[in-house]
Amino acid sequence: MDSAGSFPSLVWKLLSWLALLGLVVYADTASTVDNTAPADTQENIDDPAEWTQFKHFLAHNKTMTCSADEHARPFNNQIRGVSLGGWMVLEPWITPSLFYQFLGKGENTTAFETYTFCEVLGAAEANKQLRNHWDKWVTEDIIAQLAKSGAVNSLRLPVGDYMYKPYGPYIGCFDGALDYVDSLLDWAYSHGLSVLFDIHTMKDSQNGFDNSGHAIGFEWTSALAAEYVDQVSFQHWPIRDARWLGPFDQSTASYPHINVENLQHGLDVIQEIVNRYAGHPAVLGLEPVNEPWQYTPIDVLKRFYWEGYLIVKRSAPYWKYIMHDSFRLDTNIWGGFMDGCPERALDTHIYQAWRDPDSRIGFYKNACSMKGPLAEMERAFGPVIVGEWSLATDNCAMWLNGFNDNLPGFPRLPCKYTACAESYLGNDQPGVPLDPSKPLQGPYGSGLSGPIYGLCPSTRDWIRESSGDPLSGRDWVKAPPGAPKHLDDTDNVMRNLALKKLDAFARIAHGFYFWNFRTDLYQPQWSYMAALERGWIPRGSLTNNDDILHACSREDNNEYICVIKRNQLESSVREAVTFILHNEGASNATFNEVLGLSGSAFLDKANSIVTDYFARYYMEGATCDFGGIAMLVEQNRTVSDEEKVYYYYSDDEYFGYQQYSPIKIWVLVACGVGIALLGALIGFVLAMRCSPRFNEMVRKTPAFRRITTSESDLIRASLKLPKQGNYQEIMHS
């Protein structure tokens, strides 16, 4: 906002800043922002000191909403992407090769995430290892492979705040990192992919996770266990903390004081990113902070999001601005926030790895059920992105919940152990290769996860249900972590689960990013590239993919259609209709006919056009948005016979499964006995017909008297018995 203004307005602004805990920090934007409102909006705006005129819309700072949006860049195409996790923000579970060197180390020589990696190794050594990591973890060849998969159009790049505003142990540690980011942008552009900058870390941690750069809430407990065994131990999860917003009171789960300096640091990072990349054609937009935890004061977070949005729009007006929901996908919280503001979206992360164990059907239903919450948020807020998801259905991936640690109570079922994969860093990396003679090494956290004799914990296999019915089968409860090859049904389950998630996320939301593009260990449930190789995720365009289109047919109780929202400006609806007719290649006559209508006649026709267009093209990436004038609504209906036939007879899960079901032992025994009896009967008949001596012996045996004296012509003919009248004569001859 322009720093010039009347004294009363400055006083009012000062009071509002204090009320919002000192968060709002305005920059002098006189050279880029025009505070002269358009003549046709003068009567509808707030106090002129509280709005900012951008090129395509008007921003209202008091209400954190926008108006007069010209829909210069409507959100009409879906994002279908993957995240490049583990590259610029270290997570031990993604790239354990960087952290093997800390196994067996002590309290001052062990690293757990990016912050302690730089702190323990020192800037020079850490930077040396990081450059080797940056060279090999993300390469142009990998970017080319992702583009060639045909289903990826965007990359989500997690970056650290420390890369743009270094502090503490990061100073010198990440030297040269921005050069690698510059190369990535060029690679992405040359291969037709966009890049979303995701600020994954914040000073003093926004959630206490290792993925925030610094696992806040940590203490060594070695001394407490010394009387039992001499080992190094620690705890993190029971005392996890997040201090980005200030000191956190765990007794009240609140922040008594807000750290304004940390918030300003975050806004400064946004400014640095915009300054550096505003002109690069590959950049899709920015996510101001990843996964602020659920205890973040929502009013403070919303104001931070708003200030970051203004920073972006001043210099990069066409960037998308995607905000994480703070683990609260709640329309009561986000409905109406930044209403009318262009190029903004909400990010939600949907994982099943932390759910309780369940049958495959349970996971299928859960995946398809996300259509409802996503559609509700699309209606209440606007565009929603599923910014992270995977195919994992358990917590078994090594170090998923931290280096040599785990959440209390996890994993819920025993994990499979497989040979630890060869490192992508090569054997020059300290700690590589792993020593196969070592058992589980410290330091030890409050949970168990780590390599044992060269074996690493891995995701459990899915086993075929012996009942042949996955709806009621319970073999998964007692199944071993690693299924025998002939009983391994993992490929089938994962493929079906992927299709159902794609059905939910691609059909309802504005797009998604899979987490992650790859993993150091072989974890295809977390690796997009490995899942492609296994055939779990379809290659090629998702356009009109029948497998995806019908994936949730069994689970769905309703469908969704795209309709125009009530009370929309006719001018905005006309822009949407023009966009559709142009894409459809409509004739001039059609243009004139449709756009020549007015009032309710035009709106009825426009609603039909919008509904039909979305129904035809949503599988090609169309979204129910059209510049913000449309929304998804539920349409109750039953699944058609055609869809039922397709679903049940093309899905391996519900049809082909039966032919692979193990045969019960009693069925085998019964079949064997039946075959033996049938063989004996056939042999008996043949002997009676072909051997006169055997025939005579049977007739004289009392045990067969009921058969040999039968009056049935069929039996007597089959067994070649003499006529009944001659029986006594024959018996005494």
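Residues numbered from 1 in each chain as written. Predicted model: local features only at pLDDT ≥ 70, side-chain atom pairs only at ≥ 80, totals over all residues. Heavy atoms only, no water.

1. Digging into the overall build of the chain
1) Next: The secondary structure content of the chain amounts to 23 helices and 17 strands.
2) Next: In the chain, which comprises 733 residues, the share counted as buried stands at 53%.
3) Next: For the chain, the accessible surface area stands at approximately 31800 Å², while carbon and sulfur atoms represent 54% of it. (Helix = DSSP H or I, 4+ residues; strand = E, 2+ residues; numbered from the N terminus. Buried < 20%, exposed > 50% of the residue type's maximum accessible area, 1.4 Å probe, protein only. Areas by Shrake-Rupley, 256 points an atom, 1.4 Å probe, with all protein chains shown as cover.)

2. Considering helix H5 (residues 177–190)
1) Next: Helix length check: H5 (14 residues) gives 20 Å between terminal C-alpha atoms against 20 Å at 1.5 Å per residue, within 8%.
2) Next: Taken together, the buried positions of H5 are Ala-177, Leu-178, Tyr-180, Val-181, Leu-184, Leu-185 and Ala-188. Burial along H5 is one-sided: seen end-on, the buried residues are contained in an arc of 150°. Every exposed residue of H5 that faces more than 90 degrees away from the buried side is listed here: Asp-179, Tyr-189 and Ser-190.
3) Next: Where H5 is buried, its residues contact helix H3 (123–137), helix H4 (140–148), strand S5 (154–159), strand S6 (194–199), helix H6 (260–277) and strand S9 (283–287).
4) Next: Just past H5, the residue Gly-192 takes up positive phi, approximately 75°. (Expected span 1.5 Å × (residues − 1). Arc of directions from axis to C-beta. Contact = heavy atoms within 4.5 Å.)

3. Some words on the pairing of S6
1) Next: Extensive coverage of S6 is indicated by the burial of six of its six residues.
2) Next: With burial as the criterion, each face of S6 is covered, one bearing Ser-194, Leu-196 and Asp-198 and the other bearing Val-195, Phe-197 and Ile-199.

4. Describing the side chain of His-280
1) Next: Tracing the backbone through its elements, the reader meets His-280 in the loop between H6 and S9.
2) Next: Judged by relative accessible area, His-280 falls into the buried class, the value being 19%.
3) Next: Beyond its immediate sequence surroundings of up to four residues, His-280 is in contact with Leu-185, Asp-186 and Tyr-189.

5. Observations concerning the state of the cysteines
1) Next: Tallied over the full model, the rule gives six disulfides.
2) Next: Put simply, Cys-396 and Cys-415 are joined by a disulfide, and their sulfur atoms are 2.1 Å apart. Here the S-S torsion is close to -85°, and the disulfide linking Cys-396 with Cys-415 is therefore left-handed. With Cys-396 in the loop between strand S12 (384–389) and strand S13 (416–419) and Cys-415 in the loop between S12 and S13, the pair connects residues that are 19 residues apart, well separated along the chain. As far as burial versus exposure is concerned, Cys-396 and Cys-415 are alike and both buried.
3) Next: Each sulfur of the disulfide joining Cys-562 and Cys-624 lies 2.1 Å from the other. When the S-S torsion is 90°, as for the bridge of Cys-562 with Cys-624, the disulfide is right-handed. Of this pair, Cys-562 sits in strand S16 (residues 558–564) while Cys-624 is found in the loop between helix H17 (599–617) and strand S17 (630–636), placing the two residues 62 residues apart along the sequence.
4) Next: Exposure remark for Cys-562: the relative accessible area of 1% places this residue in the buried category. (Disulfide = S-S within 2.5 Å.)

6. Notes on the environment of Gly-172
1) Next: Following the sequence through the fold, Gly-172 ends up in the loop between S5 and H5.
2) Next: Given a relative accessible area of 22%, Gly-172 falls into the partly exposed group.
3) Next: Measuring from C-alpha to C-alpha, the distance between Gly-172 and Gly-122 comes to 8.9 Å, with 50 residues separating the pair along the chain.

7. Observations concerning the sheet that holds strand S2 (residues 58–60)
1) Next: With antiparallel pairing, the three strands of this open sheet are ordered in space as S1-S2-S3. In this open sheet, the two edge strands, each paired with only one partner strand, are strand S1 (51–53) and strand S3 (65–67). Strand-to-strand twist across the sheet, computed as the mean angle between neighbouring axes with direction ignored, equals 25°.
2) Next: When S2 meets S3, the two strands line up antiparallel, connected through three bridges. Bridge assignment links His-60 to a residue of S3, and that residue is Thr-65. (Pairing = 2+ DSSP bridges. Axes fitted to C-alpha atoms, helices over the stretch in contact; angles between N-to-C directions.)

8. A closer look at the pattern of salt bridges
1) Next: One pass over the full model with this rule turns up 20 salt bridges.
2) Next: Ionic pairing is found between Arg-276 and Asp-182, a salt bridge with its closest N-O pair at 2.8 Å. One end of the pair, Arg-276, is in helix H6; the other, Asp-182, is in helix H5, and 94 residues separate them in sequence.
3) Next: Arg-276 gets classed as partly exposed once you look at its relative accessible area, which sits at 39%.
4) Next: Residue Asp-491 pairs with Arg-534 through a salt bridge whose shortest N-O separation is 2.8 Å. Here Asp-491 is found in helix H12 (residues 490–508), whereas its partner Arg-534 is found in helix H13 (residues 528–534), with 43 residues between them in sequence. (Salt bridge = Lys/Arg side-chain N within 4 Å of Asp/Glu carboxyl O.)

9. Considerations on the packing of helix H2 (residues 114–121) against H3
1) Next: Here H2 crosses H3 at 125°, and the two axes come no closer than 6 Å. Between H2 and H3, the angle falls in the class oblique. The chirality of how H2 crosses H3 is right-handed. For the pair H2 and H3, the contacting residues are Phe-117, Cys-118 and Leu-121 in the first and Ala-123, Glu-125, Ala-126, Gln-129 and Leu-130 in the second.
2) Next: Looking at the contact of H2 with H3 residue by residue, the classes come out as six nonpolar, one polar and one charged. (Parallel < 35°, antiparallel > 145°, perpendicular 65-115°, else oblique. Left-handed = near helix turned anticlockwise from the far one by under 90°. Nonpolar A, V, L, I, M, F, W, Y, C, P; charged D, E, K, R; others polar.)

10. Quick notes on the environment of Ile-548
1) Next: With respect to the helices, strands and loops of the structure, Ile-548 is situated in helix H14 (residues 546–549).
2) Next: When the C-alpha positions of Ile-548 and Ala-498 are compared, they lie 8.8 Å apart, and in sequence the two are 50 residues distant.

11. Some words on the packing of aromatic side chains
1) Next: Within this structure, the stated rule accounts for 52 aromatic pairs.
2) Next: Residues Phe-209 and Phe-327 carry aromatic rings whose centres are separated by 6.5 Å and whose planes lie at 80° to one another, so their mutual orientation is edge-to-face. Taken together, the positions of Phe-209 in the loop between S6 and strand S7 (219–220) and Phe-327 in the loop between strand S10 (320–324) and helix H8 (331–334) put the pair 118 residues apart, joining distant regions of the chain.
3) Next: For Phe-209, a relative accessible area of 17% translates into the label buried.
4) Next: Using a relative accessible area of 36% as the deciding quantity, one classes Phe-327 as partly exposed. (Phe/Tyr/Trp six-rings, centres within 6.5 Å; stacked < 30°, edge-to-face > 60°.)

12. Things to note about the side chain of Asn-207
1) Next: Topologically, Asn-207 is positioned in the loop between S6 and S7.
2) Next: A relative accessible area of 0% places Asn-207 in the buried class.
3) Next: Of note is the side chain of Asn-207, whose polar atom sits 2.9 Å from the backbone oxygen of Glu-291.
4) Next: Contacts of Asn-207, omitting those with residues within four sequence positions, involve Ser-212, Arg-240, Asp-241, Ala-242, Asn-290, Glu-291 and Trp-293. (Polar contact = N/O pair within 3.5 Å; in protein donor to acceptor, adjacent residues only side chain to side chain.)

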